[in-house]
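For reference, the chains in residue letters:
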Amino acid sequence: MPIERIFNDADAQRLLDMNSALPCGGRNSALIMGALYWGLTPTELSLLRLEDVMDQSGEFFRIWTLPDTTAYNGESRELHTEDHVLPFFEQYMNWRVAEGLFKSNQSWYRGSNPRSQFFVNDRGQPFKLSPRKKGGDEYQPRSMTAKLKSFIKMAGIEGATAATYRDSFVKAMHDNGCHHKDLMRVTGIKQKETIDRKIRPQIQDLDKVFKSVFSRVKVTD
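To start, this report covers the structure provided alongside it.

1. Brief notes about the overall build of the chain
Reasoning step 1: Within the chain, the regular secondary structure consists of 10 helices and 4 strands.
Reasoning step 2: Ordered by position in the sequence, the α and β elements of the chain form the string α-α-α-α-β-β-α-β-β-α-α-α-α-α.
Reasoning step 3: Taking all 221 residues of the chain together, 42% fall into the buried category.
Reasoning step 4: Nonlocal contacts in the chain, meaning residues at least 24 apart in sequence, comprise 57% of its contacts between residues at least 6 apart.
Reasoning step 5: Here the chain has roughly 13100 Å² of accessible surface; of this, 52% comes from carbon and sulfur atoms.

Below is the structure:
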C-alpha cells in the first residue's frame, strides 16, 4: 500500500520558506495558505474573487462565504480568516496594489476591481481554466494545479501532490477537534466516507512507526 503524504506544520513552513523569493513570494505564500488554511480546491483558488474575501472598506472578512458559483459541488460554504493567517493575505494584497493590478476608478476595495480574481499568476493575470476535452463543457484548473505542484517541488517534499493541500486541511481540522458534520460543511464534501478516507491515520514507514510508538516513555531513575 503506498505511503500517503499529509503536510504537517514543518512541511507548511518549508513550503512557505522555499517559495518566498521575489518577485512573487508574497503571492506564493498567500496561495499556499489559501490551499492549506482555507482548504480551497485548485478550481476554487482560480475562481475566487476579491469581493469574496474583502469588504468594500478594504478590510478582509474574518468570516466569509465562498459563493455557490465558485464552490465545490455548487454549494456555498462559510470560511474564516483568523488573525494568525491574515498577514499572509495582507502582504499579498499590498503587493497586488503596488503592482497596479486590476485597478478601478473607485476608492473602495483599496482601489481594486472587486470582481477581479483574487489570485494571479506570475504574469499578473487570472489563472485560467482549461477545457477538459475538445468540444466539452467541463473545465479543469491545469495552470493552478501546476503552480501548486511547483511549490512542492521547490520545497523538495516527496510523495505530495496538488490534492495534498486540501487533504492536509481536512486532517488538520479534524485533529484540532472539527466534527464530521462541520468538516462536510467547510469542504463541500457530501459523503462521510470521503471524509473518513482523508482523516484516517496516515500510513508511515515501519522505522518511523517504531520510532514514534511510546516514544515519550522515560526510564525511571
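What follows continues from the structure just given.
2. Quick word on the pairing of strand β2 (residues 77-80)
Reasoning step 1: Burial along β2 is one-sided: Arg77 and Leu79 are buried, and none of Glu78 and His80, which face the opposite way, are.
Reasoning step 2: Here 4 bridges tie strand β1 (residues 63-66) to β2, and the two strands are oriented antiparallel to one another. Across the sheet, the residue bridging to Leu66 is Arg77, located in β2.

3. A look at the packing of helix α2 (residues 25-36) against helix α7 (residues 163-175)
Reasoning step 1: At a minimum axis separation of 7 Å, α2 and α7 run at an interaxial angle of 55°. Considered as vectors, α2 and α7 are oriented oblique to each other. Touching Ile32, Ala35 and Leu36 of α2 are Tyr165, Arg166, Ser168 and Phe169, all from α7.
Reasoning step 2: Here the contact of α2 with α7 is composed, by residue class, of 5 nonpolar, 1 polar and 1 charged.

4. Remarks on helix α5 (residues 86-98)
Reasoning step 1: Taking 1.5 Å of rise per residue, 13 residues should cover 18 Å, and α5 covers 18 Å from first to last C-alpha, within 8% of that figure.
Reasoning step 2: Those residues of α5 that sit buried are Leu86, Phe89, Tyr92, Met93, Trp95 and Arg96.
Reasoning step 3: Where α5 is buried, its residues touch α2 and α4 (50-53).
Reasoning step 4: Just downstream of α5, Gly100 is the residue with a positive phi angle, here 70°.

5. Remarks on helix α8 (residues 180-187)
Reasoning step 1: For α8, every residue scored as buried is listed here: His180, Leu183, Val186 and Thr187. Axial view of α8: buried residues confined to an arc of 130°, hence all on one face. α8 presents Lys181 and Arg185 as exposed residues on the side facing more than 90 degrees away from its buried surface.
Reasoning step 2: As for α8, its buried residues are in contact with β2, α7 and α9 (192-199).

6. Quick notes on unusual backbone geometry
Most peptide bonds are trans, and most residues other than glycine sit at a negative phi.
Reasoning step 1: Residue Leu22 is joined to Pro23 through a cis peptide bond whose omega torsion reads 10°.
Reasoning step 2: Of note, Pro23 is situated in the loop between α1 (9-18) and α2.
Reasoning step 3: Not every positive phi belongs to a glycine, and Phe102 is a case in point at roughly 55°.
Reasoning step 4: In this structure, Phe102 sits in the loop between α5 and β3 (130-131).
Reasoning step 5: Unlike most non-glycine residues, Arg110 shows phi in positive territory, near 60°.
Reasoning step 6: Here Arg110 lies in the loop between α5 and β3.

7. What about the nonpolar core?
Reasoning step 1: With 51 residues, the main nonpolar core has Leu15, Trp38, Phe118, Phe119 and Tyr165 as its most contacted residues.
Reasoning step 2: Take this core: its biggest share by element is 6 residues, from α2.
Reasoning step 3: Excluding residues within four positions of it along the chain, Tyr165 makes contact with Phe7, Leu15, Ile32, Ala35, Leu36, Leu148, Phe151 and Ile152.

8. Considerations on the side chain of Gln117
Reasoning step 1: Within the fold, Gln117 resides in the loop between α5 and β3.
Reasoning step 2: Its relative accessible area of 16% is what places Gln117 among the buried residues.
Reasoning step 3: With sequence-adjacent residues up to four places away left out, Gln117 is seen in contact with Ser46, Leu47, Leu48, Arg49, Arg96, Phe102 and Pro126.

9. A look at the packing of aromatic side chains
For any pair of aromatic rings, geometry is given as the distance between the ring centres together with the angle between the planes.
Reasoning step 1: A complete count under the given rule lists 12 aromatic pairs for this structure.
Reasoning step 2: Where Trp38 meets Phe118, the ring centres are 6.4 Å apart and the plane angle is 45°; that geometry is what we call tilted. Taken together, the positions of Trp38 in the loop between α2 and α3 (42-47) and Phe118 in the loop between α5 and β3 put the pair 80 residues apart, joining distant regions of the chain. As far as burial versus exposure is concerned, Trp38 and Phe118 are alike and both buried.
Reasoning step 3: One aromatic cluster in this structure is built from Trp38, Phe60, Trp64, Phe89, Tyr92, Trp95, Phe118 and Phe119.
Reasoning step 4: Looking at Arg166, its charged tip hangs above the ring of Tyr72, at a distance of 5.1 Å from the centre.

Analysis parameters
Residues numbered from 1 in each chain as written. Predicted model: local features only at pLDDT ≥ 70, side-chain atom pairs only at ≥ 80, totals over all residues. Heavy atoms only, no water. Helix = DSSP H or I, 4+ residues; strand = E, 2+ residues; numbered from the N terminus. Buried < 20%, exposed > 50% of the residue type's maximum accessible area, 1.4 Å probe, protein only. Contact = heavy atoms within 4.5 Å. Areas by Shrake-Rupley, 256 points an atom, 1.4 Å probe, with all protein chains shown as cover. Pairing = 2+ DSSP bridges. Axes fitted to C-alpha atoms, helices over the stretch in contact; angles between N-to-C directions. Parallel < 35°, antiparallel > 145°, perpendicular 65-115°, else oblique. Nonpolar A, V, L, I, M, F, W, Y, C, P; charged D, E, K, R; others polar. Expected span 1.5 Å × (residues − 1). Arc of directions from axis to C-beta. Core = buried A, V, L, I, M, F, W, Y, C linked by side-chain atoms within 4.5 Å. Phe/Tyr/Trp six-rings, centres within 6.5 Å; stacked < 30°, edge-to-face > 60°. Lys NZ or Arg CZ within 6 Å of the ring centre and 35° of its normal.

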